[in-house]
Amino acid sequence: MKEVLLPELAESVVEGEILKWLVQEGDTIALEQPLCEVMTDKVTVELPSPVAGVLSRRLAGEGDVVAVHAAIALIDETGGAAAAPAPAATAPAPAAAPLSTQAQEEREQVGGSIVEAGHLQKGADDDSTSLFKAFSSDEKVQVQGLGARQLSAPAAPTQPTRADGRVLAVPAARQLARELNLDLTQVRGSGPNGRIRVSDVLAHQGINQGQSAPAQPAAPAQAPAQAAQPAAAPAAKAPAAGGLPVAPVQYRTPKGYEHLEDRVPLRGMRRAISNQMQASHLYTVRTLTVDEVNLSKLVEFRARVKDDAAAAGVKLSYLPFIFKAVAAALRKFPSLNTSFDEATQEIVQKRYYNIGMAVATDAGLTVPVLKDVNHKSVFDLAREVSDLAVRAQGGKLQADELAGSTFSVTNIGSIGALFSFPIINVPDAAILGIHSIQKRPIVDEYDNIVVAHMMYLSLSFDHRLVDGAEAARFCKEVIRLLENPDRLMLEAM
């Protein structure tokens, strides 16, 4: 019997979601025949069979999130059709078991590519981010302050460490342990390789405080009429003793409206976006600066070179100019081109400039990354912008094309909003929101009222890494370059 393991689909990806099985148990399969569709970091791939035979058993269901190297199926290479139970000795370890949709406490963010509300005009989700953590256990405990939500306690203590001797733990769990004054060496990890998660810290704290036996069972998510919030954990109260969070707000269907609601599982790209947005909300100190830029000279410059671009087979939008200006400004204000390594408590300063570009697709928002923007011409960037946008719409992006951004740009100009407060694309330090170009009257340097092509800029940044004055100066440098495209062309990169 051959175990089919979830392979490493990209660097830093530690798990994937089984979107769809393409074969049924008992089906005869050929070597390299696609078995299932797996999504990781918003990239969907077909997983081929490593051997020929009969699919004896599927060990993960559609919608399950499993760790890399975990077994997802058994194949009988002898051709027998009978499904054999998985031997106890080869059963997936608890850390590699599938993740239920209600047991997602956090993710270890090592890179990402999702931003909120960013839309790119058509035609113009560490490295690869793992958006969900495997979570499993045979024991169930309830932690006071978490209401009806059940957390899984690890079945056996494991204390794996890194090469420097530190206990393996996700950054959020490490931070929570510090807040609770808790020694991580006393906590049992349930993640891949015994890595400690937020849920493990909460479960340990709940057990120590004797809070593991609440009277009320969890309300099933599939039953709207029974989704009343448990009386034992009112969401409006202050955090429980010991720093544990209050219960999440429990949704309740208004009486008499049950037949007017539809329930759709939070899966696939929407779950990836949800997790990335939550991570950005929890683990950055967000603030916003807003400015405006006069693009009249750039509009004129683009009109002059548009025919040259068309002759070179390039559809020239304003985005390539903006990306060039951003990369040049990042060189002068490097704090905006950093990330914070939660595990080591270090600021990562980067000397490369990879710009994430938000693209709205039918499946959800995705952010492909333009690599080494500082080394590319405006025409080169225009070709890449068009190519990435088209392939993002068709779901044809590769995992490495969604990885490694150092800064992101989200364009809602096609929507026409006045300005936005974009969500930081963690672990980037900042994201720039650009908006529609509108003709407006302004007062020029000679005190004359003239019509100008104006655009708002909104820069969201992590105040832990970037000071407000630095963010404002960065915006002014972007504005200086966009208002004088000849200087942008002369900028040393």
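Keep in mind the model is a prediction, meaning the values are calculated, not measured. (Residues numbered from 1 in each chain as written. Predicted model: local features only at pLDDT ≥ 70, side-chain atom pairs only at ≥ 80, totals over all residues. Heavy atoms only, no water.)

So, on to the sheet that holds strand β5 (residues 43-48). Sheet architecture is open: four strands sit in the order β5-β4-β2-β7, paired in antiparallel fashion. Pairing within the sheet leaves two strands with one partner each, and these edge strands are β5 and β7 (65-67). Adjacent strand axes in the sheet meet at a mean angle of 40 degrees when their direction is disregarded. Examined bridge by bridge, strand β2 (residues 15-21) and β7 share three bridges and lie antiparallel to one another. (Pairing = 2+ DSSP bridges. Helix = DSSP H or I, 4+ residues; strand = E, 2+ residues; numbered from the N terminus. Axes fitted to C-alpha atoms, helices over the stretch in contact; angles between N-to-C directions.)

What follows concerns the sheet that holds strand β1 (residues 2-5). Strand order in this open sheet of four strands is β1-β8-β6-β3, and the pairing throughout is antiparallel. The open sheet has two free edges, formed respectively by β1 and β3 (28-29), since each of these has just one partner strand. The pairing of strand β6 (residues 53-58) with strand β8 (residues 71-76) spans four bridges and is classified as antiparallel. Counterpart to V54 in the pairing with β8 is D76.

Bringing the packing of aromatic side chains into the picture now. Given two aromatic rings, their pairing is described by the distance between the two centres and the angle made by the two planes. Scanning all chains against the criterion turns up three aromatic pairs. Relative to F321, the ring of F301 has its centre 6.0 Å away and its plane inclined at 85 degrees; by these criteria the two rings are edge-to-face. Here F321 lies in helix α5 (residues 319-332) and F301 lies in helix α4 (residues 296-311), a separation of 20 residues in the sequence. Taken as a pair, F301 and F321 share a single burial class, namely buried. (Phe/Tyr/Trp six-rings, centres within 6.5 Å; stacked < 30°, edge-to-face > 60°. Buried < 20%, exposed > 50% of the residue type's maximum accessible area, 1.4 Å probe, protein only.)

Moving on to the pairing of strand β20 (residues 438-443). As judged from the six bridges shared by β20 and strand β21 (residues 449-462), these two strands associate in the antiparallel manner. Of the residues in β21, the one forming a bridge with R440 is A452. Hairpin connection, β20 to β21: the antiparallel pair is bridged by five residues, and D447 has positive phi, about 65 degrees.

With that out of the way, let us pick up the pattern of salt bridges. When their charged atoms lie close together, side chains carrying opposite charge are able to pair. Within the structure shown, the criterion is met by 13 salt bridges. For D387, the salt bridge goes to R391, with nearest N and O atoms at 3.0 Å. Of this pair, D387 and R391 both sit in helix α6 (residues 378-393), four residues apart, roughly one helical turn. Between E477 and R480 there is a salt bridge, with the nearest N and O atoms lying 2.8 Å from each other. Of this pair, E477 and R480 are both found in helix α7 (residues 468-483), three residues apart, which corresponds to roughly one turn of the helix. (Salt bridge = Lys/Arg side-chain N within 4 Å of Asp/Glu carboxyl O.)

Turning our attention to the nonpolar core. Residues F323, V326, L336, F407, L459, F474 and L482 are the most contacted members of the largest nonpolar core, which totals 58 residues. For this core, the elements supplying multiple residues, two or more each, are α4, α5, β14 (355-357), α6, β18 (407-411), β19 (430-434), β21 and α7. Every residue in contact with F323, bar those within four places of it in the chain, is listed here: I355, M357, L370, V373, L381, V385 and V409. Within the second largest apolar cluster, 18 residues are counted, among which are L6, I29, L47 and L55. (Core = buried A, V, L, I, M, F, W, Y, C linked by side-chain atoms within 4.5 Å. Contact = heavy atoms within 4.5 Å.)

What follows deals with α5. The terminal C-alpha atoms of α5 lie 20 Å apart, and with 14 residues this matches the ideal 20 Å at 1.5 Å per residue to within 8%. Within α5, 12 of the 14 residues are buried, leaving the element largely enclosed by the surrounding structure. Taken together, the buried positions of α5 are L319, P320, F321, I322, F323, K324, A325, V326, A327, A328, A329 and L330. (Expected span 1.5 Å × (residues − 1).)

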